[in-house]
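# A look at the structure
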Amino acid sequence: MYNAKAYAAASDTSPLARTTIARRDPTEHDVQIEILFCGICHSDLHTVRNEWKEFMPTVYPCVPGHEIVGRVTKVGSAVTRFKPGDIGAVGCLVDSDGTCDHCQAGLEQFCPNGTYTYNSPDKHLEGVTYGGYSESIVVDERFVLRVPSNLDLAAVAPLLCAGITTYSPLRRAGVTKGKKVGVVGLGGLGHMGVKLADALGAHVVVFSTSPDKKEDALRLGADEVVISRNADEMAKHAGSFDFILDTVSAEHDINAYLNLLARDGKLTLVGAPPQPLRVAAFALIMGNRSLSGSSIGGIPETQEMLNFCGEHNITADVEVIPIQKVNEAYERLLKSDVKYRFSIDMASLKSDS
Ligand SMILES: [Zn+2]
Ligand SMILES: [Zn+2]
(Lines give C-alpha, C1' and ligand atoms only; values in the text may rest on other atoms or scores of the structure.)
(Ligands and ions follow the chains in the order given, each with its own letter.)
Protein backbone atom coordinates (compact mmCIF):
# COMPACT_ATOMS: atom_id res chain seq x y z
CA MET A 1 0.00 0.00 0.00
CA TYR A 2 1.00 3.58 -0.47
CA ASN A 3 -0.50 6.91 0.54
CA ALA A 4 -2.13 9.30 -1.90
CA LYS A 5 -3.43 12.82 -1.41
CA ALA A 6 -7.16 13.17 -1.98
CA TYR A 7 -10.21 15.30 -1.30
CA ALA A 8 -12.87 13.53 0.73
CA ALA A 9 -16.16 14.24 2.47
CA ALA A 10 -16.23 13.03 6.09
CA SER A 11 -20.05 13.01 6.35
CA ASP A 12 -23.15 13.94 4.35
CA THR A 13 -22.95 17.49 5.65
CA SER A 14 -19.19 18.05 5.48
CA PRO A 15 -17.48 19.90 2.66
CA LEU A 16 -14.80 18.06 0.73
CA ALA A 17 -11.43 18.50 2.42
CA ARG A 18 -7.84 17.48 1.93
CA THR A 19 -6.96 14.05 3.29
CA THR A 20 -4.69 11.07 2.70
CA ILE A 21 -5.98 7.70 1.47
CA ALA A 22 -4.41 4.28 0.99
CA ARG A 23 -4.03 2.87 -2.52
CA ARG A 24 -2.93 -0.68 -3.26
CA ASP A 25 0.41 -1.35 -4.89
CA PRO A 26 -0.25 -2.45 -8.45
CA THR A 27 -0.85 -6.21 -8.77
CA GLU A 28 0.25 -8.00 -11.94
CA HIS A 29 -2.85 -6.88 -13.90
CA ASP A 30 -2.95 -3.31 -12.54
CA VAL A 31 -2.09 0.06 -13.97
CA GLN A 32 -1.10 2.88 -11.64
CA ILE A 33 -2.17 6.28 -12.94
CA GLU A 34 -1.11 9.77 -11.90
CA ILE A 35 -4.40 11.64 -12.27
CA LEU A 36 -4.13 14.79 -14.39
CA PHE A 37 -7.81 15.79 -14.65
CA CYS A 38 -11.07 14.65 -13.09
CA GLY A 39 -14.48 15.89 -14.20
CA ILE A 40 -17.21 16.74 -11.69
CA CYS A 41 -20.35 14.70 -12.35
CA HIS A 42 -23.66 15.40 -10.64
CA SER A 43 -23.48 11.84 -9.24
CA ASP A 44 -20.42 12.94 -7.23
CA LEU A 45 -22.53 15.52 -5.46
CA HIS A 46 -25.45 13.12 -4.91
CA THR A 47 -23.08 10.54 -3.40
CA VAL A 48 -21.13 12.99 -1.23
CA ARG A 49 -24.42 14.21 0.27
CA ASN A 50 -25.86 10.68 0.56
CA GLU A 51 -28.85 11.63 -1.59
CA TRP A 52 -29.12 8.12 -3.06
CA LYS A 53 -29.09 6.44 0.34
CA GLU A 54 -32.08 4.19 -0.48
CA PHE A 55 -30.22 2.16 -3.08
CA MET A 56 -26.57 3.18 -2.67
CA PRO A 57 -25.81 4.48 0.82
CA THR A 58 -22.57 6.44 1.03
CA VAL A 59 -19.71 5.13 3.13
CA TYR A 60 -17.50 7.87 4.60
CA PRO A 61 -14.91 9.14 4.05
CA CYS A 62 -16.09 9.48 0.45
CA VAL A 63 -13.66 10.35 -2.37
CA PRO A 64 -15.80 10.88 -5.49
CA GLY A 65 -14.76 11.29 -9.13
CA HIS A 66 -15.33 8.96 -12.10
CA GLU A 67 -14.24 11.07 -15.05
CA ILE A 68 -10.52 10.40 -14.81
CA VAL A 69 -7.67 11.09 -17.20
CA GLY A 70 -4.03 10.59 -16.25
CA ARG A 71 -0.56 9.37 -17.02
CA VAL A 72 0.50 5.78 -16.37
CA THR A 73 3.33 5.65 -13.83
CA LYS A 74 3.63 1.93 -13.16
CA VAL A 75 2.26 -1.32 -14.62
CA GLY A 76 2.02 -4.87 -13.29
CA SER A 77 4.04 -7.70 -14.85
CA ALA A 78 1.05 -9.11 -16.81
CA VAL A 79 -0.11 -5.76 -18.22
CA THR A 80 0.11 -5.67 -22.02
CA ARG A 81 -1.85 -2.64 -23.17
CA PHE A 82 -0.15 0.13 -21.20
CA LYS A 83 3.35 1.21 -20.29
CA PRO A 84 4.64 4.01 -18.07
CA GLY A 85 4.20 7.39 -19.77
CA ASP A 86 1.01 6.42 -21.65
CA ILE A 87 -2.18 8.39 -21.17
CA GLY A 88 -5.05 6.36 -19.70
CA ALA A 89 -8.62 7.10 -18.70
CA VAL A 90 -11.01 5.59 -16.17
CA GLY A 91 -14.77 6.01 -16.01
CA CYS A 92 -17.48 4.78 -13.64
CA LEU A 93 -16.26 1.17 -13.39
CA VAL A 94 -12.99 -0.31 -12.11
CA ASP A 95 -13.78 -4.03 -11.96
CA SER A 96 -16.31 -6.80 -12.76
CA ASP A 97 -16.34 -10.61 -12.64
CA GLY A 98 -15.74 -10.93 -16.39
CA THR A 99 -17.79 -14.13 -16.52
CA CYS A 100 -21.50 -13.25 -16.26
CA ASP A 101 -23.77 -12.72 -19.30
CA HIS A 102 -23.42 -8.95 -19.04
CA CYS A 103 -19.63 -9.05 -18.93
CA GLN A 104 -19.55 -11.55 -21.81
CA ALA A 105 -21.65 -9.08 -23.80
CA GLY A 106 -19.29 -6.21 -22.96
CA LEU A 107 -21.91 -4.60 -20.72
CA GLU A 108 -19.90 -4.56 -17.51
CA GLN A 109 -22.07 -1.77 -16.11
CA PHE A 110 -24.74 -4.39 -15.33
CA CYS A 111 -22.44 -6.99 -13.76
CA PRO A 112 -23.86 -8.10 -10.38
CA ASN A 113 -20.26 -8.33 -9.13
CA GLY A 114 -19.09 -5.05 -10.63
CA THR A 115 -17.09 -2.44 -8.76
CA TYR A 116 -17.82 1.25 -9.19
CA THR A 117 -14.93 3.68 -9.17
CA TYR A 118 -16.03 5.09 -5.83
CA ASN A 119 -18.27 4.03 -2.93
CA SER A 120 -18.18 0.33 -3.91
CA PRO A 121 -16.77 -2.43 -1.67
CA ASP A 122 -13.04 -2.58 -2.45
CA LYS A 123 -11.95 -6.12 -3.43
CA HIS A 124 -8.30 -5.43 -2.57
CA LEU A 125 -8.34 -3.16 0.48
CA GLU A 126 -10.76 -2.76 3.34
CA GLY A 127 -13.65 -0.34 2.97
CA VAL A 128 -14.88 1.21 -0.25
CA THR A 129 -13.24 2.32 -3.48
CA TYR A 130 -11.98 5.89 -3.74
CA GLY A 131 -12.45 7.90 -6.92
CA GLY A 132 -10.62 10.47 -8.95
CA TYR A 133 -10.40 13.48 -6.62
CA SER A 134 -6.96 12.16 -5.83
CA GLU A 135 -3.40 12.35 -7.09
CA SER A 136 -3.37 8.73 -8.23
CA ILE A 137 -5.44 5.59 -8.71
CA VAL A 138 -4.69 1.89 -9.33
CA VAL A 139 -7.01 0.07 -11.74
CA ASP A 140 -7.13 -3.31 -13.48
CA GLU A 141 -5.97 -2.70 -17.06
CA ARG A 142 -9.25 -4.11 -18.46
CA PHE A 143 -10.93 -0.95 -17.12
CA VAL A 144 -8.38 1.56 -18.38
CA LEU A 145 -9.29 3.26 -21.66
CA ARG A 146 -7.07 4.69 -24.38
CA VAL A 147 -7.38 8.40 -25.19
CA PRO A 148 -6.96 9.66 -28.78
CA SER A 149 -3.82 11.81 -28.89
CA ASN A 150 -5.45 14.78 -30.63
CA LEU A 151 -7.83 15.64 -27.78
CA ASP A 152 -7.33 18.13 -24.92
CA LEU A 153 -7.08 16.09 -21.72
CA ALA A 154 -8.94 18.48 -19.40
CA ALA A 155 -11.89 18.36 -21.81
CA VAL A 156 -11.65 14.60 -22.36
CA ALA A 157 -12.30 13.77 -18.69
CA PRO A 158 -16.11 14.32 -18.83
CA LEU A 159 -16.39 11.95 -21.80
CA LEU A 160 -15.83 9.08 -19.35
CA CYS A 161 -19.28 9.56 -17.82
CA ALA A 162 -21.26 12.32 -19.59
CA GLY A 163 -19.88 11.24 -22.98
CA ILE A 164 -20.65 7.53 -22.76
CA THR A 165 -23.99 8.12 -21.03
CA THR A 166 -25.21 10.03 -24.08
CA TYR A 167 -23.30 8.13 -26.79
CA SER A 168 -24.64 4.70 -25.80
CA PRO A 169 -28.39 5.45 -26.18
CA LEU A 170 -27.80 7.43 -29.40
CA ARG A 171 -26.00 4.45 -30.93
CA ARG A 172 -28.54 1.93 -29.64
CA ALA A 173 -31.31 4.01 -31.23
CA GLY A 174 -29.49 3.82 -34.56
CA VAL A 175 -29.03 7.58 -34.85
CA THR A 176 -27.52 8.41 -38.24
CA LYS A 177 -27.81 10.94 -41.03
CA GLY A 178 -31.42 11.75 -41.83
CA LYS A 179 -32.75 11.01 -38.33
CA LYS A 180 -34.43 13.73 -36.29
CA VAL A 181 -33.14 13.74 -32.73
CA GLY A 182 -34.29 15.81 -29.78
CA VAL A 183 -32.17 16.60 -26.73
CA VAL A 184 -34.04 17.72 -23.63
CA GLY A 185 -31.97 19.88 -21.29
CA LEU A 186 -28.64 21.53 -22.04
CA GLY A 187 -26.35 20.72 -19.10
CA GLY A 188 -23.38 18.40 -18.69
CA LEU A 189 -25.18 15.47 -20.35
CA GLY A 190 -27.26 17.48 -22.81
CA HIS A 191 -24.36 19.40 -24.32
CA MET A 192 -22.57 16.10 -25.00
CA GLY A 193 -25.76 14.65 -26.49
CA VAL A 194 -25.96 17.58 -28.92
CA LYS A 195 -22.33 17.28 -30.02
CA LEU A 196 -22.52 13.50 -30.48
CA ALA A 197 -25.90 13.46 -32.26
CA ASP A 198 -24.64 16.20 -34.58
CA ALA A 199 -21.45 14.22 -35.32
CA LEU A 200 -23.57 11.13 -36.06
CA GLY A 201 -25.25 13.21 -38.76
CA ALA A 202 -28.68 13.74 -37.19
CA HIS A 203 -30.92 16.80 -37.43
CA VAL A 204 -30.66 17.95 -33.81
CA VAL A 205 -33.32 19.89 -31.94
CA VAL A 206 -32.59 21.14 -28.43
CA PHE A 207 -35.44 21.67 -25.97
CA SER A 208 -34.71 24.26 -23.35
CA THR A 209 -36.68 26.22 -20.80
CA SER A 210 -34.46 29.28 -21.15
CA PRO A 211 -34.26 31.29 -24.40
CA ASP A 212 -30.77 32.50 -23.43
CA LYS A 213 -29.35 29.04 -24.18
CA LYS A 214 -30.35 29.25 -27.85
CA GLU A 215 -27.12 30.71 -29.22
CA ASP A 216 -25.02 28.21 -27.28
CA ALA A 217 -27.12 25.26 -28.43
CA LEU A 218 -26.61 26.27 -32.06
CA ARG A 219 -22.86 26.67 -31.48
CA LEU A 220 -22.71 23.16 -29.98
CA GLY A 221 -24.27 21.67 -33.10
CA ALA A 222 -28.05 21.99 -32.77
CA ASP A 223 -30.02 22.74 -35.94
CA GLU A 224 -33.01 24.14 -34.06
CA VAL A 225 -33.88 25.21 -30.53
CA VAL A 226 -37.41 24.89 -29.13
CA ILE A 227 -38.44 26.72 -25.98
CA SER A 228 -40.34 23.96 -24.23
CA ARG A 229 -42.66 26.36 -22.39
CA ASN A 230 -44.00 27.59 -25.72
CA ALA A 231 -46.90 25.24 -26.60
CA ASP A 232 -47.18 26.53 -30.18
CA GLU A 233 -43.51 25.87 -30.85
CA MET A 234 -43.83 22.39 -29.35
CA ALA A 235 -46.95 21.63 -31.40
CA LYS A 236 -45.08 22.31 -34.65
CA HIS A 237 -42.89 19.25 -33.94
CA ALA A 238 -45.70 16.83 -32.99
CA GLY A 239 -45.15 13.27 -34.23
CA SER A 240 -41.83 14.05 -35.92
CA PHE A 241 -38.92 12.73 -33.84
CA ASP A 242 -37.16 9.42 -34.38
CA PHE A 243 -35.46 9.68 -31.03
CA ILE A 244 -35.45 11.98 -27.99
CA LEU A 245 -32.72 11.93 -25.35
CA ASP A 246 -34.07 13.26 -22.05
CA THR A 247 -31.25 14.49 -19.79
CA VAL A 248 -33.36 16.39 -17.26
CA SER A 249 -33.01 15.31 -13.63
CA ALA A 250 -35.72 17.64 -12.28
CA GLU A 251 -39.46 16.97 -12.46
CA HIS A 252 -40.93 17.69 -15.89
CA ASP A 253 -43.84 16.74 -18.15
CA ILE A 254 -42.63 13.69 -20.05
CA ASN A 255 -45.88 13.44 -22.06
CA ALA A 256 -45.14 16.73 -23.80
CA TYR A 257 -42.08 15.03 -25.33
CA LEU A 258 -43.65 11.60 -25.96
CA ASN A 259 -46.21 13.35 -28.14
CA LEU A 260 -43.43 14.66 -30.35
CA LEU A 261 -42.23 11.16 -31.25
CA ALA A 262 -42.93 9.78 -34.72
CA ARG A 263 -44.36 6.29 -35.24
CA ASP A 264 -42.07 3.76 -33.48
CA GLY A 265 -40.14 6.69 -32.00
CA LYS A 266 -38.30 6.23 -28.75
CA LEU A 267 -37.56 8.47 -25.78
CA THR A 268 -34.68 7.47 -23.52
CA LEU A 269 -34.13 8.82 -20.03
CA VAL A 270 -30.59 9.45 -18.83
CA GLY A 271 -31.50 12.04 -16.19
CA ALA A 272 -33.01 10.73 -12.96
CA PRO A 273 -35.80 12.89 -11.48
CA PRO A 274 -36.28 12.12 -7.78
CA GLN A 275 -40.04 11.50 -8.09
CA PRO A 276 -41.73 8.91 -10.35
CA LEU A 277 -42.75 10.36 -13.73
CA ARG A 278 -46.43 10.44 -14.73
CA VAL A 279 -46.75 8.79 -18.12
CA ALA A 280 -49.96 9.03 -20.15
CA ALA A 281 -50.53 5.59 -21.67
CA PHE A 282 -52.03 7.05 -24.85
CA ALA A 283 -48.89 9.08 -25.48
CA LEU A 284 -47.16 5.71 -25.95
CA ILE A 285 -50.00 3.67 -27.46
CA MET A 286 -50.70 6.12 -30.28
CA GLY A 287 -47.80 5.54 -32.65
CA ASN A 288 -46.19 2.46 -31.07
CA ARG A 289 -43.84 4.70 -29.13
CA SER A 290 -41.36 3.55 -26.49
CA LEU A 291 -40.02 5.00 -23.29
CA SER A 292 -36.73 3.59 -22.00
CA GLY A 293 -33.68 4.29 -19.86
CA SER A 294 -29.94 3.97 -20.32
CA SER A 295 -27.00 3.62 -17.95
CA ILE A 296 -23.45 4.64 -19.00
CA GLY A 297 -21.98 1.97 -21.33
CA GLY A 298 -19.68 -1.04 -21.19
CA ILE A 299 -15.93 -0.90 -21.61
CA PRO A 300 -15.87 -1.78 -25.36
CA GLU A 301 -18.45 0.90 -26.14
CA THR A 302 -16.66 3.45 -23.95
CA GLN A 303 -13.52 2.88 -26.01
CA GLU A 304 -15.58 3.14 -29.21
CA MET A 305 -16.98 6.48 -27.95
CA LEU A 306 -13.47 7.83 -27.21
CA ASN A 307 -12.28 6.77 -30.68
CA PHE A 308 -15.36 8.40 -32.25
CA CYS A 309 -14.62 11.61 -30.32
CA GLY A 310 -11.02 11.47 -31.55
CA GLU A 311 -12.16 11.11 -35.18
CA HIS A 312 -14.66 13.94 -34.88
CA ASN A 313 -12.58 16.16 -32.58
CA ILE A 314 -15.22 16.14 -29.86
CA THR A 315 -14.59 16.97 -26.21
CA ALA A 316 -16.71 18.46 -23.44
CA ASP A 317 -16.92 22.21 -22.87
CA VAL A 318 -15.14 22.55 -19.55
CA GLU A 319 -14.28 25.10 -16.91
CA VAL A 320 -10.98 23.98 -15.40
CA ILE A 321 -10.70 24.56 -11.66
CA PRO A 322 -8.16 23.83 -8.94
CA ILE A 323 -9.30 21.22 -6.40
CA GLN A 324 -9.42 23.91 -3.72
CA LYS A 325 -12.52 25.31 -5.49
CA VAL A 326 -14.42 22.02 -5.51
CA ASN A 327 -16.95 22.98 -2.82
CA GLU A 328 -17.69 26.23 -4.60
CA ALA A 329 -18.09 24.26 -7.83
CA TYR A 330 -20.71 22.02 -6.18
CA GLU A 331 -22.77 25.08 -5.20
CA ARG A 332 -22.53 26.39 -8.75
CA LEU A 333 -23.45 22.97 -10.15
CA LEU A 334 -26.69 23.09 -8.17
CA LYS A 335 -27.51 26.38 -9.94
CA SER A 336 -26.46 24.99 -13.36
CA ASP A 337 -23.86 27.75 -13.32
CA VAL A 338 -21.26 25.99 -15.48
CA LYS A 339 -20.69 25.63 -19.21
CA TYR A 340 -20.93 22.68 -19.18
CA ARG A 341 -18.69 20.60 -16.94
CA PHE A 342 -16.09 21.35 -14.27
CA SER A 343 -12.76 19.61 -14.79
CA ILE A 344 -10.39 19.57 -11.83
CA ASP A 345 -6.74 20.22 -12.65
CA MET A 346 -5.12 17.71 -10.31
CA ALA A 347 -1.76 19.54 -10.41
CA SER A 348 -3.44 21.79 -7.82
CA LEU A 349 -3.53 18.86 -5.37
CA LYS A 350 0.24 18.37 -5.57
CA SER A 351 0.87 21.80 -4.10
CA ASP A 352 -1.89 21.41 -1.46
CA SER A 353 -0.14 20.45 1.76
ZN1 LIG B 1 -21.09 10.45 -13.67
ZN1 LIG C 1 -20.04 -9.77 -14.77
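As shown above, the structure is provided for reference.
Being a predicted model, the structure only gives us computed values, none of them experimental.

### Here we look at the overall build of the protein chain
A tally of helices and strands in the protein chain yields 12 helices and 17 strands. The C-alpha atoms of the protein chain give a radius of gyration of 20 Å, which matches the 20 Å a tight globule of 353 residues would have. Here the protein chain holds 353 residues, and 55% of them are scored as buried. Carbon and sulfur atoms make up 50% of the accessible area of the protein chain, which amounts to about 15200 Å² in all. Between the mean site of the 34 positive side-chain charges and the mean site of the 43 negative ones, the protein chain shows a separation of 3 Å.

### Focus: the side chain of histidine 191
If you trace the backbone, histidine 191 turns up in helix α5 (residues 188–199). Classification of histidine 191 by relative accessible area gives buried; the value is 0%. Sequence-distant contacts of histidine 191, defined by excluding residues within four places in its chain, comprise Leu186, Leu220, Ala316, Asp317 and Tyr340.

### Side note on the pattern of salt bridges
Considering all chains together, one arrives at 17 salt bridges under this definition. A salt bridge links glutamate 331 to arginine 49, with the nearest nitrogen and oxygen atoms 2.8 Å apart. Placement of glutamate 331 in helix α11 (residues 326–334) and of arginine 49 in the loop between α1 (42–48) and β4 (68–75) is noted, with a sequence separation of 282 residues between them. One network of salt bridges, with partners in common, ties together Lys195, Asp216, Arg219, Asp317 and Lys339.

### Re the environment of lysine 350
Here lysine 350 shows up in helix α12 (residues 347–350). Sequence separation of lysine 350 and valine 139 is 211 residues, and the distance between their C-alpha atoms is 21 Å. Polar contacts involving the side chain of lysine 350 include one to the side chain of glutamate 34, which spans 3.0 Å.

### Considering the coordination of the zinc ion (ligand 2)
Coordination of the zinc ion (ligand 2) by the protein involves Asp97 (OD), Cys100 (SG), Cys103 (SG) and Cys111 (SG), with metal-donor separations of 2.1 to 2.3 Å. When its relative accessible area of 15% is taken as the criterion, cysteine 100 is described as buried. What makes cysteine 111 buried here is its relative accessible area of 9%.

### Things to note about the coordination of the zinc ion (ligand 1)
Between any two of four tetrahedral donors, the ideal angle at the metal is 109.5 degrees; between two of six octahedral donors, it is 90 or 180 degrees. Protein-derived coordination of the zinc ion (ligand 1) comes from Cys41 (SG), His66 (NE2) and Cys161 (SG), at a distance range of 2.0 to 2.2 Å. Ordering the donors of the zinc ion (ligand 1) by residue number gives the pattern C-x24-H-x94-C. One end of the pair, cysteine 41, is in the loop between β3 (30–39) and α1; the other, histidine 66, is in the loop between α1 and β4, with 25 residues separating them in the sequence. Considered together, cysteine 41 and histidine 66 belong to a single accessibility category, that of buried residues.

### What about helix α4 (residues 162–172)?
Residues spaced three or four apart along an α-helix point in a common direction, a consequence of the helix completing one turn every 3.6 residues. Counting buried residues along α4, 9 of its 11 residues qualify, which places the element largely inside the surrounding structure. When α4 is considered as a whole, its buried residues turn out to be Ala162, Gly163, Ile164, Thr165, Thr166, Tyr167, Ser168, Pro169 and Leu170. Contacts made by the buried residues of α4 are with β10 (180–184), α5, β13 (241–246), β14 (261–269), α10 (299–311) and β17 (341–345).

### Quick word on the packing of aromatic side chains
Here the structure, examined in full by the defined rule, presents 4 aromatic pairs. Ring centres of tryptophan 52 and phenylalanine 55 lie 5.9 Å apart, and the angle between their planes is 35°; this geometry places the pair in the tilted category. Ring geometry for phenylalanine 207 against phenylalanine 241: centres 5.5 Å apart, planes inclined by 55°, an arrangement best described as tilted. Here the residue phenylalanine 207 occupies a position in strand β11 (residues 203–208), and phenylalanine 241 occupies one in strand β13, the gap between them amounting to 34 residues. Each member of the pair, phenylalanine 207 as well as phenylalanine 241, is classed as buried.

### Description of the sheet that holds β13
Taken together, 6 strands build an open sheet; the order of strands is β12-β11-β10-β13-β14-β15 and the sheet is parallel. Of all strands in the sheet, those bounded by a partner on one side alone are β12 (224–227) and β15 (290–293). Along the sheet, successive strands turn relative to each other by an average axial angle of 20°, direction set aside. Across 5 bridges, β10 lies against β11 in parallel orientation. By the bridge assignment for β11, valine 181 is matched with valine 204. In this fold α4 packs onto β10, β13, β14 and β15, with an angle of close to 160° to the strand it touches most, β13.

Cut-offs and rules
Residues numbered from 1 in each chain as written. Chains lettered and ligands numbered in written order. Predicted model: local features only at pLDDT ≥ 70, side-chain atom pairs only at ≥ 80, totals over all residues. Heavy atoms only, no water. Helix = DSSP H or I, 4+ residues; strand = E, 2+ residues; numbered from the N terminus. Rg over C-alpha atoms; globule rule 2.2 N^0.38 Å. Buried < 20%, exposed > 50% of the residue type's maximum accessible area, 1.4 Å probe, protein only. Areas by Shrake-Rupley, 256 points an atom, 1.4 Å probe, with all protein chains shown as cover. Lys, Arg positive; Asp, Glu negative; His and termini not counted. Charge placed at Lys NZ, Arg CZ, Asp CG, Glu CD. Contact = heavy atoms within 4.5 Å. Salt bridge = Lys/Arg side-chain N within 4 Å of Asp/Glu carboxyl O. Polar contact = N/O pair within 3.5 Å; in protein donor to acceptor, adjacent residues only side chain to side chain. Donors = N, O, S within 2.8 Å, 3.2 Å for Na, K, Ca; no water. Phe/Tyr/Trp six-rings, centres within 6.5 Å; stacked < 30°, edge-to-face > 60°. Pairing = 2+ DSSP bridges. Axes fitted to C-alpha atoms, helices over the stretch in contact; angles between N-to-C directions.

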